[in-house]
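The chain contents come next:
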Amino acid sequence: NPGTIAAGEGIENVVFTADGSWSITAADTAGSLTRGTSNPVSVGSNAATQFVVTASGPFTAGDAFTVTVVAEDSGGNVAVGYNGSVSLADSLGGAAFGGGSFSAGVATFMATLDAAGGQVITATDTTQPSLTGSDAVTVSAAAASQFVIGTPATVTMGTSFNFNVTAEDSFGNAATDYVGTVNLSSSDAAASFVPSSYAFVAADAGVHAFNATLNTS
């Protein structure tokens, strides 16, 4: 910013907004004097006021991925002196986090999420809860490993009823990309199903409705 020099000397206030090595240059607005440049000034970051959390996908239930936590000051500079302790949590539960210690204000953790769907990973300083940050992720189900059959608890012999068959991964998430074929059978040898065999399509998103009639009490 322009300043005024009186009696050959002027004093200016300078505020550095980023850490690093910087210099200050003085130039005459009329261009009649040679520019002057200061020696380099080393600017350090302030105390950490926030975490920037970045999770690196893809995100599949049960598969490990990395979470990077960067401590920053209020100006968005890396708080290289931060070496505190951080706890990680996810919004749906069932997550496992491991490793991670800060070096020059940056730490990398390993994470495994079991619940499919959108959720938020949050990092919080264990002694200063206001020092926190988060990142949103979307977790896909793992490959289908089981069927879950949702039948009524009680039915009437000879009367049809509806029920769903859901393809799930080993964590209980609907395997929305399942496109295999299911065959139905019953301990009631006289039971009938509509249909008795079905090939799942993508539009089913891992769930399909069936009709059954049990004919033996």
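Predicted model only: the values in this text are computed from it and were never measured.

Trainee: Describe unusual backbone geometry, listing the residues and the values that go with them.
Mentor: A cis geometry characterises the amide bond from glycine 57 onward to proline 58, with omega recorded as 10°. Residue proline 195 follows valine 194 across a cis peptide bond; omega there is -10°. With phi around 50°, alanine 205 is a residue other than glycine that occupies positive phi space. As for its placement among the helices and strands, alanine 205 is situated in the loop between β16 (197-199) and β17 (207-213). Accessibility expressed as a relative area gives 32% for alanine 205, which makes it partly exposed.

Trainee: Explain the side chain of glutamate 72 residue by residue, including any values.
Mentor: In this fold, glutamate 72 is placed in strand β6 (residues 64-72). Assessed through its relative accessible area of 15%, glutamate 72 is described here as buried. The contacts of glutamate 72, once residues within four sequence positions are left out, are Ala47, Ala48, Thr49, Gln50, Val52, Asn77, Val78 and Ala79.

Trainee: Could you give me a rundown of the layout of surface pockets, with the residues and numbers involved?
Mentor: Taken as a whole, the second largest pocket encloses approximately 190 Å³ of empty space. Looking at which element gives the most residues to the lining of the second largest pocket, the answer is strand β13 (residues 161-168), with 3 residues. In the lining of the second largest pocket, the residues fall into 12 nonpolar, 3 polar and no charged.

Trainee: An account of the pairing of strand β9 (residues 106-112) is requested, with residue identities and associated values reported.
Mentor: Here 7 bridges tie β6 to β9, and the two strands are oriented antiparallel to one another. From the neighbouring strand, valine 69 faces β9, where its bridge partner is alanine 107. Pairing geometry for strand β8 (residues 96-98) and β9, over 3 bridges, is antiparallel. Bridging from a neighbouring strand, alanine 96 pairs with threonine 112 of β9.

Basis of the calculations
- Residues numbered from 1 in each chain as written.
- Predicted model: local features only at pLDDT ≥ 70, side-chain atom pairs only at ≥ 80, totals over all residues.
- Heavy atoms only, no water.
- Helix = DSSP H or I, 4+ residues; strand = E, 2+ residues; numbered from the N terminus.
- Buried < 20%, exposed > 50% of the residue type's maximum accessible area, 1.4 Å probe, protein only.
- Contact = heavy atoms within 4.5 Å.
- 1 Å grid on protein atoms, 1.4 Å probe; cavity = no way out; pocket = protein on both sides within 12 Å on 5 of 7 lines; lining within 4 Å.
- Points joined across faces, edges and corners; volume = space filled by probe spheres on them.
- Nonpolar A, V, L, I, M, F, W, Y, C, P; charged D, E, K, R; others polar.
- Pairing = 2+ DSSP bridges.

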